[in-house]
Amino acid sequence: MCIQYIYVCRILSPHHNLEFTHTNQTMAQPHFLLVAFPAQGHINPALEFANRLILNGACVTMVTCISARQRMTKKLVPDSLAIALFSDGYDDGFEATDDDDAPNRYLSEVKRRGSQYITELIKATAGNGGHPFTCLVYTLLNTWVAEVARRFQLRSVLLWVQPATVLDIYYYFFSEYAEDISNSSSNGDRVELPGLPTLDSHDLPSFLLPSNTYTFGLPSFREQLERLSEETKPTILINTFDALESAALKAIESFIMVGIGPLIPLIEKDSSNDLKEDYKEWLNLKPSTSVVFVSFGSIAVLSKQQQEELERGLLDSKHPFLWVVREQEEKEKLSCREELERQGIIVPWCSQVEVLSNPSIGCFVSHCGWNSTLESLAAGVPMVALPQWVDQPTNAKMVEDVWKTGVRVVYNEEGIAQGDEIKRCLEMVMGGEKSEELRRNARKWKHLAAEAVKDGGSSDKNLKAFVNEVRQESQTRSWDSNLQ
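Going by what an unreviewed UniProt entry lists, the protein is known as Glycosyltransferase and is assigned to Tripterygium wilfordii. The Sequence similarities (unreviewed entry) comment attached to the protein in UniProt states, word for word, "Belongs to the UDP-glycosyltransferase family."

This is the structure:
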């Protein structure tokens, strides 16, 4: 375990006042500074990554924005993890507006404030008998962390929180396959990329499609890949595991892509859920694999029309369901709430990992965000995929055609999955002719995911090797000359 190291941060003004208490430090112990973008898809895997670093004998300080702290459930935060927070100017959370340039301004502000903050933090930990950082690890959209690390001659490593397949696609798009991918996205052609399955246009990340309106996307990924290309054989830690994406992890010769996932907290056998009593008991009374679990993550908001079609599909399927409807979606009001609640149960939040681990769950209706996809694979639960944007279309492609643990809805010309289509997919998973095959494959991947993270598994060995490499660097590091 990590030797006790306590860090207290208070934000009293636009300047960041730092206070430290150190006890029983060991300078030879590697100290990681982990910088996570304040989105749930980054925070959750970053917390689990921090936990595994600590279990491997490292100290970890995790930095993120104030807005993300309230979304870190106590159960997911390791006792020995130091958390440092800075303000991104949106302490109650950034909300997208109709202004297409708002995300660009937000990312610019995070970079400006974050760069200043971690610069102060690095100096503070290196001075006055502190425990200096030996390695900076950062998630997507935080490329500026590598720039700060370089100024201090510190090693920086990217923690990629999407599948290796998606990283490969972006790499190919910004290199010799740009024309092939552009033709696919514009004309609907299929594209063949080394180490990847054949992709149709609707399998590509949404930032590569002509319909994309988020101007921050491609420049952010281009900047990230350009930064990596400046290094010789950079190591990239990927939230995946060797058996899941063996070819994709080896596709780019200039990168060392290391699978260390799935970065999902383990659920203890007796922790049957941190669920509210009403639906905990409701789930536990249902027969095995009889319940449809419906959740679309922390960002995706279904259109009113899509929500109504989903309601119709669930009702027509006749299966009991647990549906997570967030507060912002509830404002739109469910059209058939009373009828829905006679068949299922609707909640504003739940512990997704724990729900998926409940034996009553027979199917997961999901947007196919990468965290949700990995959680479903690790729990052995088949999926009905309704991908929305970013990496989700690619994830849905892998779920249906590569790992064969689910089915993907077919959208109509208006981009809506109609109720009849949702019902068709639910029937295929919950009892149709493909059901047994899907469940058999889901059980296979559940076993392989568990094998990867257990002691001596591929992800466990990969992470241990990385920590030992950084530990050796920490024993020879000289600090004074780097803080001028």
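### A few points about the nonpolar core
Phe49, Ile118, Trp160 and Ile181 are the most contacted members of the largest nonpolar core, which has 88 residues in total. Tyr279, Val291, Val347 and Met383 belong to the second largest nonpolar core, which has 33 residues in total.

### Some words on helix 15 (residues 392-402)
Of all the 11 residues making up helix 15, eight are buried; the element is thus mostly covered by neighbouring parts of the structure. For helix 15, the full list of buried residues reads Gln392, Pro393, Thr394, Asn395, Ala396, Lys397, Met398 and Val399. Residues of helix 15 that are buried make contact with helix 5 (164-173), helix 14 (370-379), strand 14 (383-385) and strand 15 (406-408). Just past helix 15, the residue Lys404 takes up positive phi, approximately 55°.

### A short note on the sheet that holds strand 14
With parallel pairing, the six strands of this open sheet are ordered in space as 12-11-10-13-14-15. In this open sheet, the two edge strands, each paired with only one partner strand, are strand 12 (345-347) and strand 15. Averaged over neighbouring strand pairs, the angle between their axes works out to 15° when direction is ignored. As paired elements, strand 11 (residues 321-324) and strand 12 share three bridges and run parallel to each other. Across the sheet, residue Val324 finds its bridge partner in strand 12, namely Val347.

### Quick look at the packing of aromatic side chains
For the coordinates displayed, the defined rule picks out 18 aromatic pairs. An angle of 50° between the planes, with centres 4.9 Å apart, marks the rings of Tyr214 and Trp389 as tilted. Taken together, the positions of Tyr214 in the loop between helix 6 (178-187) and helix 7 (217-229) and Trp389 in the loop between strand 14 and helix 15 put the pair 175 residues apart, joining distant regions of the chain. Judged by its relative accessible area of 38%, Tyr214 is partly exposed. Given the relative accessible area of 23%, Trp389 is considered partly exposed. Members of the aromatic cluster, connected to one another through ring pairs, are Trp160, Tyr170, Phe207, Tyr214, Phe216, Phe221 and Trp389.

### Some points on helix 10 (residues 304-317)
In a regular helix each residue adds 1.5 Å, so 14 residues correspond to 20 Å; helix 10 covers 20 Å between its end C-alpha atoms and thus fits that length. For helix 10, the full list of buried residues reads Gln306, Gln307, Glu309, Leu310, Glu311, Gly313, Leu314, Leu315 and Ser317. One or two steps after helix 10, the chain reaches Lys318, where phi turns positive at roughly 70°.

### Here's the deal with unusual backbone geometry
The omega torsion of the bond from Gly261 to Pro262 falls at 0°, within 30 degrees of zero and hence cis. Mapped onto the elements, Pro262 comes out in the loop between strand 9 (256-259) and helix 9 (277-284). With a phi angle near 50°, Lys233 is a residue other than glycine that sits in the positive phi range.

### A few points about the packing of helix 5 against helix 7
Direction vectors running N to C along helix 5 and helix 7 enclose 90°, while the axes themselves pass 10 Å from each other. With respect to each other, helix 5 and helix 7 are oriented roughly perpendicular. Of the residues in helix 7, those touching helix 5 at Leu167, Tyr170, Tyr171 and Phe173 are Leu218, Phe221 and Leu225. In terms of residue class, the contact of helix 5 with helix 7 is made up of seven nonpolar, no polar and no charged.

### Focus: the sheet that holds strand 6 (residues 135-139)
With parallel pairing, seven strands are arranged side by side in an open sheet as 5-4-3-6-7-8-9. A strand with exactly one partner marks an edge of an open sheet, and here the two such strands are strand 5 (82-86) and strand 9. Ignoring strand direction, the axes of neighbouring strands in this sheet form an average angle of 25°. The strands touched by helix 3 (residues 102-126) are strand 3 (31-35), strand 4 (59-65), strand 5 and strand 6; relative to strand 5, the strand with the most contacts, the crossing angle is about 135°.

### Quick look at the environment of Asp92
Structurally, the position occupied by Asp92 is in the loop between strand 5 and helix 3. Note on Asp92: relative accessible area 74%, which makes it exposed. Sequence separation between Asp92 and Ile66 is 26 residues, and the spatial gap between their C-alpha atoms is 8.0 Å. In this structure, Asp92 is in contact with Ser67 and Gln70, ignoring residues within four places of it in sequence.

### A closer look at the side chain of Thr165
Its location among the elements puts Thr165 in helix 5. Those residues in contact with Thr165 that sit more than four places away from it in its chain are Leu196, Glu245, Ala248, Thr394 and Met398.

### Observations concerning the packing of helix 5 against helix 15
When two helices pack together, their arrangement is given by the angle between the helix axes and by the axis-to-axis distance. Where helix 5 meets helix 15, the axes come as close as 10 Å, and the angle between the chain directions of the two elements is 125°. Considering the angle they form, helix 5 stands oblique to helix 15. In this structure, helix 5 crosses over helix 15, and the sense of that crossing is right-handed. Contacts between helix 5 and helix 15 involve Thr165, Val166 and Ile169 on the former and, on the latter, Thr394, Asn395 and Met398. Partitioned by chemical class, the residues of the contact of helix 5 with helix 15 number three nonpolar, three polar and no charged.

How each quantity is defined
Residues numbered from 1 in each chain as written. Predicted model: local features only at pLDDT ≥ 70, side-chain atom pairs only at ≥ 80, totals over all residues. Heavy atoms only, no water. UniProt positions renumbered as here; feature names shortened; annotations may be inferred. Core = buried A, V, L, I, M, F, W, Y, C linked by side-chain atoms within 4.5 Å. Buried < 20%, exposed > 50% of the residue type's maximum accessible area, 1.4 Å probe, protein only. Helix = DSSP H or I, 4+ residues; strand = E, 2+ residues; numbered from the N terminus. Contact = heavy atoms within 4.5 Å. Pairing = 2+ DSSP bridges. Axes fitted to C-alpha atoms, helices over the stretch in contact; angles between N-to-C directions. Phe/Tyr/Trp six-rings, centres within 6.5 Å; stacked < 30°, edge-to-face > 60°. Expected span 1.5 Å × (residues − 1). Parallel < 35°, antiparallel > 145°, perpendicular 65-115°, else oblique. Nonpolar A, V, L, I, M, F, W, Y, C, P; charged D, E, K, R; others polar. Left-handed = near helix turned anticlockwise from the far one by under 90°.

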